[in-house]
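Observations on the model geometry
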Amino acid sequence: MNDLWVQVAYLVASVLFVLGIRSLTKPDTARRGMQLAAVGMLIAVVGTLLLHEIVDYRWIMVGLIVGALLGYPMGMWVPMTAMPQRIALSHLFGSLAASLVGIAEYNTAMHVQHEPIASARMAALGLEVLFGSLTVTGSFMACGKLQGFVTERSVTYRGQNTVNISLFTLAVLMFVYLVVEPGAETVFYAMVVLATVLGVMMVLPIGGADMPVVLSLLNSYTGLSAAATGFALHNNVLIITGALDGASGFLLSVLMCKAMNRSFTNVLFGAFGAEVTAPTGAGAETAKLAVKSISVEDAAMQLAYARLVIIAPGYGMAVAQCQHEVRELSELIERRGGEVKFAIHPVAGRMPGHMNVLLAEVDIPYERLYGMEDINPEFSRADVALVIGANDVVNPAARNEPGSPIYGMPILDVDQAKSVIVLKRSMNPGFAGIENHLFYEAKTFMLFGNAKDSVAKLVAEIKNV
Amino acid sequence: MPTSLSGFGEFYVFVLAAFLGYQLITHVPPLLHTPLMAATNAIDAITVVGAIAAAGSGHGLLASILGCAAVASAMSNVVGGFLITDRMLSMFRRGEAASSNGKQERSK
């Protein structure tokens, strides 16, 4: 009887989760919807504690308390600029939980219950620990690259793809062997170890600019391992949630790949950094071109008298942490009668939607944040396009240089504006290492220096105009 | 349903849920993609349910320890995930609300 109520609790939780995800289709309903989803989680947890097979609460309580103590700072204290690594870390914890449950289940079946594991159950357990362990180390590497304790550059070596594909094939073979022969304990643990190695090897060659795809993909894997846990435990709420999460991660990775005009395979095995070894002659060609730098006074003058300013932020804005200054700048321009819009490229920053969160944090109303398709027709109307710490996503080479590695990638058409001001630290090429011809165009002016200082100076100067 | 096919019902659930998820998430605007990722992470921490069962079923010390670690990992995502999603979503404001908030901040 009791267990029936647990099932009801799971059903309620599943419905609330689906409603929570649905609420995210509109910013106004999102918060309430996700609060309901949190209630669903509470119901599911309380319901589980009532299961008749639970006989010992000590370990559960320790886990719940430690987890809550770990989770609170990860929820409340992490700054918005660190969101990508925070998300990577939560992929790590999510998949770690699934892997540990899988290992515990396997061990219990083998040594406590002494019952043969059916092949179907073994397949579920196998997928659970395979996806789980791979995501644990993969997320750790992604987190490291984003936080900076692992090099952000793509690490490549000769025969890398062969090594990775061999490791992957070996893991799949072990999995198949286990399904046929579930009692092969050594193979099970060897597969866990192999999957963790594979996680590291897979993320190693992926550079910082491709992180949005990797984070989405890891999101998907976390979901799949949760769904596999559900299959192994015959628990529908886990299957439903895992499927939702898996679908979400998959869809986001597809969107991110589209926004870079690249395929999955290219992101995973392409090792962008290595591929780009000097588009022939580009160096010599650009050496002849000169960039025009602009003084703060002149830039401020342009912005102060512009009717429409479109700001295109990139990862550089997150690094310089100048969102507050940018907000001040946009308010100042508006008070002088100009209009300010923000152009957000889908892969600006290090994760999907990164820039939106940073700008929302400083109280910029979300109606001013425009996606690429919506803003591109507006650039021709803009008096000034202000590029803050973005590079590849505004590089016209993507449109008109078939030889360029980023050719075909959809970009923000900032070069259609009447004038372009680029805030940039120095003339180093962007992450992908590709020259940006936007910087050499007649209507482009470079304002060199730290973005935070530059924007602050612009604000001070416009106040004096 | 014969026991050999009982897993098939679960497969139905998986496929339909994945399809539903795909349909819903197609309609999430890029504006909210970061909160979406945090949110799916938070609800994905439902693995805590499996972890609780592993930690508390009295299947020996190893299972309890592994289960306990799994409960802690998943629980950190439950608490951290919902908190950070709520924190982010509270920042997305419409024009009027946002500008009045901005004014308050300036007048401080």
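Residues numbered from 1 in each chain as written. Chains lettered and ligands numbered in written order. Predicted model: local features only at pLDDT ≥ 70, side-chain atom pairs only at ≥ 80, totals over all residues.

1. Brief notes about the overall build of chain B
Looking only at helices and strands, one finds 5 helices and 0 strands in chain B. The order of α-helices and β-strands along chain B, N terminus first, is α-α-α-α-α. Relative to its full complement of 108 residues, chain B shows a buried share of 59%. In chain B, once contacts between residues fewer than 6 apart in sequence are set aside, the share between residues at least 24 apart is 57%. (Helix = DSSP H or I, 4+ residues; strand = E, 2+ residues; numbered from the N terminus. Buried ≥ 20, exposed ≤ 12 C-beta atoms within 10 Å, placed from the backbone. Contact = placed C-beta atoms within 7 Å.)

2. Section: the overall build of chain A
Along its length, chain A carries 19 helices and 6 strands. Relative to the globule expectation of 23 Å for 465 residues, the C-alpha radius of gyration of chain A, 25 Å, shows essentially globular dimensions. For chain A, the proportion of its 465 residues judged to be buried stands at 56%. The contacts of chain A with a sequence gap of at least 6 include a subset with a gap of at least 24, amounting to 79%. (Rg over C-alpha atoms; globule rule 2.2 N^0.38 Å.)

3. Some words on helix α7 (residues 185-203) of chain A
Residue and element names in this part refer to chain A. With 19 residues, α7 should reach 27 Å at 1.5 Å per residue; the first-to-last C-alpha distance of 28 Å fits that figure. Listed in full, the buried residues belonging to α7 are Phe188, Met191, Val192, Leu194, Ala195, Thr196, Leu198, Gly199, Met202 and Val203. Elements that come into contact with the buried residues of α7 comprise α4 (83-112), α5 (119-147), α6 (160-180), α8 (211-233) and α10 (264-269). (Expected span 1.5 Å × (residues − 1).)

4. Remarks on the nonpolar core
Counting residues in hydrophobic clusters, the biggest one holds 203 residues, and the most contacted among them are Ala385(A), Val387(A), Val48(B) and Val71(B). By residue number, the principal contributor to this core is helix α4 (residues 61-89) of chain B, which donates 16 residues. With residues up to four places along the chain from it excluded, the contact list for Val387(A) reads Ala312(A), Val394(A), Val414(A), Val420(A), Val422(A) and Leu423(A). (Core = buried A, V, L, I, M, F, W, Y, C linked by C-beta atoms within 7 Å.)

5. Considering the packing of helix α13 (residues 296-304) of chain A against helix α19 (residues 451-464) of chain A
For any two helices packed against each other, one specifies the inter-axial angle together with the distance between the axes. Residues and elements named next belong to chain A. Packing of α13 against α19 leaves a shortest axis separation of 9 Å and a crossing angle of 65 degrees. By the angle class used here, α13 and α19 are roughly perpendicular. Helix-helix and strand crossings are classified by hand; for α13 and α19 the assignment is right-handed. Residues Val296, Glu297, Ala299, Ala300, Leu303 and Ala304 of α13 lie in contact with α19, whose contacting residues are Lys457, Leu458, Glu461 and Ile462. Taken together, the residues that form the contact of α13 with α19 break down as 7 nonpolar, no polar and 3 charged. (Axes fitted to C-alpha atoms, helices over the stretch in contact; angles between N-to-C directions. Parallel < 35°, antiparallel > 145°, perpendicular 65-115°, else oblique. Left-handed = near helix turned anticlockwise from the far one by under 90°. Nonpolar A, V, L, I, M, F, W, Y, C, P; charged D, E, K, R; others polar.)

6. Digging into the interface of chain B and chain A
Between chain B and chain A, the residue contacts involve 81 residues of the former and 101 residues of the latter. No other element matches α4(B), which puts 27 residues into the side of chain B that touches chain A. Residues belonging to the side of chain B that touches chain A are distributed by class as follows: 47 nonpolar, 28 polar and 6 charged.

7. A few points about the pairing of strand β5 (residues 419-424) of chain A
Residues and elements named next belong to chain A. Within β5, 5 of the 6 residues are buried, which leaves it mostly tucked inside the rest of the structure. Bridge count between strand β4 (residues 384-388) and β5: 5 bridges; the pairing is parallel. Note that in β5 the partner of Leu386 across the bridge is Ile421. (Pairing = 2+ DSSP bridges.)

8. A short note on the packing of helix α3 (residues 58-76) of chain A against helix α3 (residues 47-56) of chain B
Where α3(A) contacts α3(B), the two axes come as close as 7 Å, and the packing angle between them is 140 degrees. With respect to α3(B), the axis of α3(A) lies oblique. Considering the relative orientation of α3(A) and α3(B), their crossing is right-handed. Here α3(A) contributes Trp59(A), Ile60(A) and Gly63(A) to the contact with α3(B), which in turn contributes Ala51(B), Ile52(B), Ala55(B) and Gly56(B).

9. Overview of the sheet that holds strand β3 (residues 369-371) of chain A
Residues and elements named next belong to chain A. What the 6 strands build is an open sheet, ordered β3-β2-β1-β4-β5-β6; its pairing is parallel. The open sheet has two edge strands with one neighbour each: β3 and β6 (444-448). In this sheet, adjacent strand axes meet at a mean angle of 25 degrees when their direction is disregarded. Sheet topology note: the strand β1 (residues 308-313)/β4 ladder contains 5 bridges and is parallel.

10. Digging into the domain arrangement of chain A
All names here are of chain A. Examined at the domain level, chain A breaks down into domain 1 (81-273) and domain 2 (282-464). Computed over C-alpha atoms, the centres of domain 1 and domain 2 are 36 Å apart. For the side of domain 1 that touches domain 2, the secondary structure elements donating two or more residues are α4, α8, α9 (236-259) and α11 (272-275). The class makeup of the residues in the side of domain 1 that touches domain 2 is 14 nonpolar, 6 polar and no charged. (Domains from an automatic or database assignment.)

11. So, the pairing of strand β2 (residues 339-344) of chain A
Residue and element names in this part refer to chain A. Of all 6 residues in β2, 5 are buried; the element is thus mostly enclosed. Examined bridge by bridge, β1 and β2 share 4 bridges and lie parallel to one another. Counted as the bridge partner of Ile310 is Lys341 from β2. Where β2 lies against β3, 3 bridges are found, and the strand directions are parallel. Bridging across to β3, Ile344 finds its partner in Gly371. After leaving β2, the chain enters helix α16 (residues 354-361) and then returns to the sheet as β3, a path that is right-handed. (Right-handed = clockwise from strand over helix to strand, strands pointing away.)

12. Regarding unusual backbone geometry
Residues and elements named next belong to chain A. Of note, His234 is a non-glycine position whose phi angle comes to about 55 degrees, a positive value. Note on placement: His234 falls in the loop between α8 and α9. We classify His234 as partly exposed; it has 14 C-beta atoms within 10 Å. You will see that Asn261, though not glycine, has its phi angle at about 55 degrees, which is positive. By the element assignment, Asn261 lies in the loop between α9 and α10.

13. Side note on the environment of Ala70(B)
Locating Ala70(B) in the fold gives a position in helix α4. Sequence separation of Ala70(B) and Ala38(B) is 32 residues, and the distance between their C-alpha atoms is 19 Å. Sequence-distant contacts of Ala70(B), that is, excluding residues within four places in its chain, are made with Ala97(A), Leu100(A), Val101(A), Ala51(B) and Ala54(B).

14. Considering the confidence of the model for chain B
Averaged over all residues, the pLDDT of chain B is 86; the fraction at 70 or higher stands at 81%. Listed scores for the predicted complex are pTM 0.89 and ipTM 0.90. (pLDDT = per-residue confidence, 0-100.)

15. Considerations on the environment of Glu10(B)
In this fold, Glu10(B) is placed in helix α1 (residues 6-26). Using a count of 19 C-beta atoms within 10 Å as the deciding quantity, one classes Glu10(B) as partly exposed. The sequence separation of Glu10(B) and Ala54(B) amounts to 44 residues, and the corresponding C-alpha distance is 21 Å. With near-sequence residues (within four places) excluded, Glu10(B) lies in contact with Phe231(A), His234(A), Asn236(A) and Ile239(A).

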